[in-house]
Amino acid sequence: MSYKTVLVHVDKDKHSTERIKLAAQIAMNDEAHLIGAAPSGVSRFIYQSRFIYEGGGMASHLDSHLEELRKAAKDSLTQFESTVKSLGLQSYEARQVDDEAGAGISLQARYSDLVVVGQANLDEPSSTTLPDFPEFVVMNSGRPVLIVPYVGRYDAMPKRVLIAWDASTSATRAVTAAIPLLKRAQNVDVVVFNPDSRGDAHGEMPGADIGLYLARHNVKVNVVRQKTDIDVGNALLSIATDLGSDMIVMGGYGHSRFREILLGGVTRTVLESMTVPILMAH
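Now for a look at the structure at hand. (Residues numbered from 1 in each chain as written. Predicted model: local features only at pLDDT ≥ 70, side-chain atom pairs only at ≥ 80, totals over all residues. Heavy atoms only, no water.)

## Concerning the overall build of the protein chain
Here comes step 1: Helices and strands together make up the secondary structure of the protein chain, namely ten helices and ten strands.
Here comes step 2: Expressed as a percentage of its 282 residues, the buried residues of the protein chain come to 48%.
Here comes step 3: Element-wise, carbon and sulfur atoms account for 51% of the exposed surface of the protein chain, whose accessible area totals about 13700 Å². (Helix = DSSP H or I, 4+ residues; strand = E, 2+ residues; numbered from the N terminus. Buried < 20%, exposed > 50% of the residue type's maximum accessible area, 1.4 Å probe, protein only. Areas by Shrake-Rupley, 256 points an atom, 1.4 Å probe, with all protein chains shown as cover.)

Below is the structure:
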């Protein structure tokens, strides 16, 4: 089992290069094809409705603005190509997407094994991606998404991976999608929080079944059962620090996209405070 097509979101954000490098390293490890996709940042419905403005003389102004956005995307892809060439990646392509980032990347992701995006930086908001962009891709792409923090540099071959296991379908999808990375890790810790609260899902030995499943994939597994009185999101980040984890694998939960709705629970906490890459699936 390996990744054959990896998709990375490319934009003019100053952290984009580190994200591209990580995606390229993953692709090289599995001899995969890497696609760098740069959305223009404008919904495809704007392009479809531009003819409405022709009668009022606004079409040329709109076209000028759209052309500026396309140029920014094209410039981002030039940087993408320069970066992957310098790393020696053999199989790659640059793809410009005339759509806003969430919908555009989610659609392109359906033809990939893994998607790599960046954490939203609320202190430096992007002009082309919305604050809930990573979660939106997790919820709408149907593919595992590797979210890279906007601070730091990260190895494509994590040494110590932490799996947040709650026996849910989304956690199951995340674990399965992460197997190519888990097999290369030196150690994988599976943490089960408050297992007594879901005994019907975990069985007599919480974490044992998923540990055995991974062991059959030649993954070195250690199961940790932990009770916590704090919220699971912060407990997860805390134990990741204690164990020296350099990647977290977990299921992703969230709401539909509405500006007034905040992310909920574990997903919101982790996406806001993450310090290592997070592989999520829904």
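Right, picking up where we left off after that structure.
## Topic: the pattern of salt bridges
Here comes step 1: The full count for this structure, using the stated rule, is ten salt bridges.
Here comes step 2: Between D75 and K71 there is a salt bridge, and its shortest N-O distance comes to 3.0 Å. Linking D75 with K71, this pair stays in helix α3 (residues 59-87), spanning four residues, or about one helical turn.
Here comes step 3: On the basis of relative accessibility, which here comes to 32%, the residue D75 falls in the partly exposed class.
Here comes step 4: Between E93 and R95 there is a salt bridge, with its nearest N and O atoms 3.0 Å apart.
Here comes step 5: On the accessibility criterion, E93 (29% relative accessible area) is partly exposed.
Here comes step 6: Here R95 falls in the partly exposed class, since its relative accessible area comes to 24%.
Here comes step 7: Ionic contacts of the salt-bridge type, sharing partners, join the residues E18, K21 and R153 into one network. (Salt bridge = Lys/Arg side-chain N within 4 Å of Asp/Glu carboxyl O.)

## Structural notes on the packing of helix α6 (residues 169-182) against helix α8 (residues 208-215)
Here comes step 1: Where α6 meets α8, the axes come as close as 11 Å, and the angle between the chain directions of the two elements is 45°. On the basis of their axis angle, the class for α6 and α8 is oblique. In this structure, α6 meets α8 at a crossing whose hand is right-handed. Here V175, T176, I179 and L182 of α6 lie close against α8, whose contacting residues are I210, Y213 and L214.
Here comes step 2: For the contact of α6 with α8, the class distribution of residues is six nonpolar, one polar and no charged. (Axes fitted to C-alpha atoms, helices over the stretch in contact; angles between N-to-C directions. Parallel < 35°, antiparallel > 145°, perpendicular 65-115°, else oblique. Left-handed = near helix turned anticlockwise from the far one by under 90°. Contact = heavy atoms within 4.5 Å. Nonpolar A, V, L, I, M, F, W, Y, C, P; charged D, E, K, R; others polar.)

## A few points about the pairing of strand β7 (residues 187-193)
Here comes step 1: The buried fraction of β7 amounts to six of the seven residues, a majority that puts the element mostly inside the structure.
Here comes step 2: When strand β6 (residues 160-164) meets β7, the two strands line up parallel, connected through five bridges. When the bridges of β7 are listed, I163 appears paired with V190.
Here comes step 3: Each parallel crossover has a hand, and for β6 linked through α6 to β7 it is right-handed.
Here comes step 4: Both β7 and strand β8 (residues 221-226) contribute to a ladder of six bridges, which runs parallel. (Pairing = 2+ DSSP bridges. Right-handed = clockwise from strand over helix to strand, strands pointing away.)

## Comments concerning the sheet that holds strand β4 (residues 114-118)
By definition, the strands of a sheet pair up through backbone hydrogen bonds, in either a parallel or an antiparallel sense.
Here comes step 1: The sheet built from ten strands is open, its strands ordered β3-β2-β1-β4-β5-β10-β9-β6-β7-β8 with mixed pairing. Both outer strands of the open sheet, β3 (92-97) and β8, are each paired with one neighbouring strand and no more. Between one strand axis and the next, the sheet turns through 20° on average, direction left out of account.
Here comes step 2: Here strand β1 (residues 5-9) runs beside β4; their pairing, made up of three bridges, is parallel. In the strand pairing of β4, V6 is matched with L114.
Here comes step 3: Packed on one face of the sheet, helix α4 (residues 101-109) meets β1, β2 (33-39), β3 and β4 and runs near 175° to β1.
Here comes step 4: Each of β6, β7, β9 (247-251) and β10 (278-281) touches α6; the most contacted strand, β9, lies at about 150° to it.

## Focus: the environment of V191
Here comes step 1: Within the secondary structure layout, V191 lies in strand β7.
Here comes step 2: The contacts of V191, once residues within four sequence positions are left out, are L162, I163, A164, W165, V224, L236 and I239.

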